[in-house]
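Take a look at the letters that make up each chain.
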Amino acid sequence: MDTILITQVAERQWHALADDLVVGRGDASPRPDGRLFLSIDAWHDPVFERLAAVMLAALPRPLHTVVDEADLDLTARWRQAGLTVRRREWEYVMASGAAPVPSPRGVTTLPLGTAEVRPLRRLDRAIRAEIESSVGWDQMPAAVLSRPLDPARYVVAAEADAYVGLARLALLPRHTRIGLIAVRAGHRRRGIARALLAEVRRATHERGVATVSAEVHEANAAAVALVEGAGAHRQGSNLELVIR
């Protein structure tokens, strides 16, 4: 390939040029937790290598990327650039519908889109604080949905006058994607997560969609048990890589 020229075209965006033609693009996207995730679109290894070198030199670390584990070529390119595997997310798929799961005594499962904004926002803050003080929010999947908080994308569990659990969703045309299922620390091991998941499947079936998907960290035994107990099967896996 002819001489490759790398030029920055915007904040955190670069183009690779050969004979004045764009032969590759790279960008770095900030996630809600502050992590920067890299993406490079280039057909040829020399173009990828040049873009990666320029981006890694220009951006503050740590830097992350996510790849389909089955894409061996792309994984190898990022490894060659110096990134290492940080975590593996299993991609699970399950059918919508199925038999309803009763909520635990005293708990009401609020259908999709019926939660009130203020108590939902309080629950969201509380769950984020609990995660941050335990495993750390940076241990959550890279694809966790971002703000602003939209009740139309939530199924919620309520007890007395407080919300105690949530499922946050992306309502895609061909499936419902679960961004997060979480229950307050003092309310776990009561079946609330199972009831939330059942309501997600019911709501998905009601809108005429056949499947529900979720990413689960391979080390999260409770989450693996939850989705596999609902009949989900693995359909693939993603790797998050990092350079520090």
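Residues numbered from 1 in each chain as written. Predicted model: local features only at pLDDT ≥ 70, side-chain atom pairs only at ≥ 80, totals over all residues. Heavy atoms only, no water.

Let's talk about the overall build of the protein
Working step 1: A count of helices and strands for the protein gives five helices and 12 strands.
Working step 2: Judged by the C-alpha coordinates and their principal axes, the protein covers about 70 × 30 × 30 Å.
Working step 3: Contacts in the protein between residues far apart in sequence, at least 24 positions, make up 68% of those at least 6 positions apart.
Working step 4: Taken together, the 32 basic and 29 acidic charged side chains of the protein have centroids lying 8 Å from each other. (Helix = DSSP H or I, 4+ residues; strand = E, 2+ residues; numbered from the N terminus. Contact = heavy atoms within 4.5 Å. Lys, Arg positive; Asp, Glu negative; His and termini not counted. Charge placed at Lys NZ, Arg CZ, Asp CG, Glu CD.)

Concerning helix α1 (residues 45-58)
Working step 1: Look at α1: 20 Å from first C-alpha to last across 14 residues, which is about the 20 Å you get at 1.5 Å a residue.
Working step 2: Among all positions of α1, only Val 47, Phe 48, Leu 51, Ala 52, Met 55 and Leu 56 are buried. Summarising the axial view, the buried residues of α1 lie within an arc of 150°, below the 170-degree limit, and thus occupy one face. (Expected span 1.5 Å × (residues − 1). Buried < 20%, exposed > 50% of the residue type's maximum accessible area, 1.4 Å probe, protein only. Arc of directions from axis to C-beta.)

Observations regarding the pattern of salt bridges
Working step 1: In the structure shown here, the tally under the stated rule is 18 salt bridges.
Working step 2: A salt bridge links Arg 87 to Glu 89; its shortest N-O distance comes to 2.2 Å. The pair formed by Arg 87 and Glu 89 is uniform in burial state, with each residue classed as buried. (Salt bridge = Lys/Arg side-chain N within 4 Å of Asp/Glu carboxyl O.)

Re unusual backbone geometry
Working step 1: The step from Arg 61 to Pro 62 runs through a cis peptide bond, and the omega angle for that step is 5°.
Working step 2: Positionally, Pro 62 belongs in the loop between α1 and β5 (63-68).
Working step 3: Of note in this structure, Asp 20 is not a glycine but carries a positive phi near 65°.
Working step 4: At Arg 189, a residue that is not glycine, the phi angle is positive and equals roughly 65°.
Working step 5: Along the polypeptide, Arg 189 turns up in the loop between β10 (175-183) and α4 (192-206).

Comments concerning α4
Working step 1: Taking 1.5 Å as the rise per residue, α4 with 15 residues should run 21 Å; its terminal C-alpha atoms sit 21 Å apart, in good agreement.
Working step 2: Along α4, the positions that sit buried rather than exposed are Ile 192, Ala 195, Leu 196, Leu 197, Ala 198, Glu 199, Val 200, Arg 201, Ala 203 and Thr 204.

Description of the side chain of Thr 65
Working step 1: Inspection of the secondary structure assignment puts Thr 65 in strand β5.
Working step 2: Given the relative accessible area of 2%, Thr 65 is considered buried.
Working step 3: Polar contacts involving the side chain of Thr 65 include one to the main-chain carbonyl oxygen of Leu 38, which spans 2.8 Å.
Working step 4: When sequence neighbours within four positions are dropped, the list of residues in contact with Thr 65 reads Phe 37, Leu 38, Trp 78, Leu 83, Leu 239, Glu 240 and Leu 241. (Polar contact = N/O pair within 3.5 Å; in protein donor to acceptor, adjacent residues only side chain to side chain.)

Focus: the packing of aromatic side chains
Working step 1: Applying the stated criterion across every chain yields a total of one aromatic pair.
Working step 2: With 4.9 Å between their ring centres and 75° between their planes, Phe 48 and Trp 78 make a pair best called edge-to-face. Remark: Trp 78 occurs in helix α2 (residues 72-80) and Phe 48 occurs in helix α1; sequence separation between them is 30 residues. Of the two residues, Phe 48 and Trp 78, neither departs from the other in class, the shared state being buried.
Working step 3: Between the NZ or CZ atom of Arg 31 and the centre of the ring of Phe 37, over which it lies, the distance is 4.0 Å.
Working step 4: Lying across the ring of Trp 90, Arg 88 places its NZ or CZ 5.9 Å from the centre. (Phe/Tyr/Trp six-rings, centres within 6.5 Å; stacked < 30°, edge-to-face > 60°. Lys NZ or Arg CZ within 6 Å of the ring centre and 35° of its normal.)

Structural notes on the packing of α1 against α2
Working step 1: Interhelical geometry of α1 versus α2 gives an angle of 40° and a closest axis separation of 10 Å. Our classification of the angle between α1 and α2 gives oblique. Pair α1 / α2 crosses with right-handed handedness. Taken together, the residues of α2 that come into contact with α1 (itself represented by Asp 45, Phe 48 and Glu 49) are Leu 74, Arg 77, Trp 78 and Gln 80.
Working step 2: Tallied by class, the residues present in the contact of α1 with α2 amount to three nonpolar, one polar and three charged. (Axes fitted to C-alpha atoms, helices over the stretch in contact; angles between N-to-C directions. Parallel < 35°, antiparallel > 145°, perpendicular 65-115°, else oblique. Left-handed = near helix turned anticlockwise from the far one by under 90°. Nonpolar A, V, L, I, M, F, W, Y, C, P; charged D, E, K, R; others polar.)

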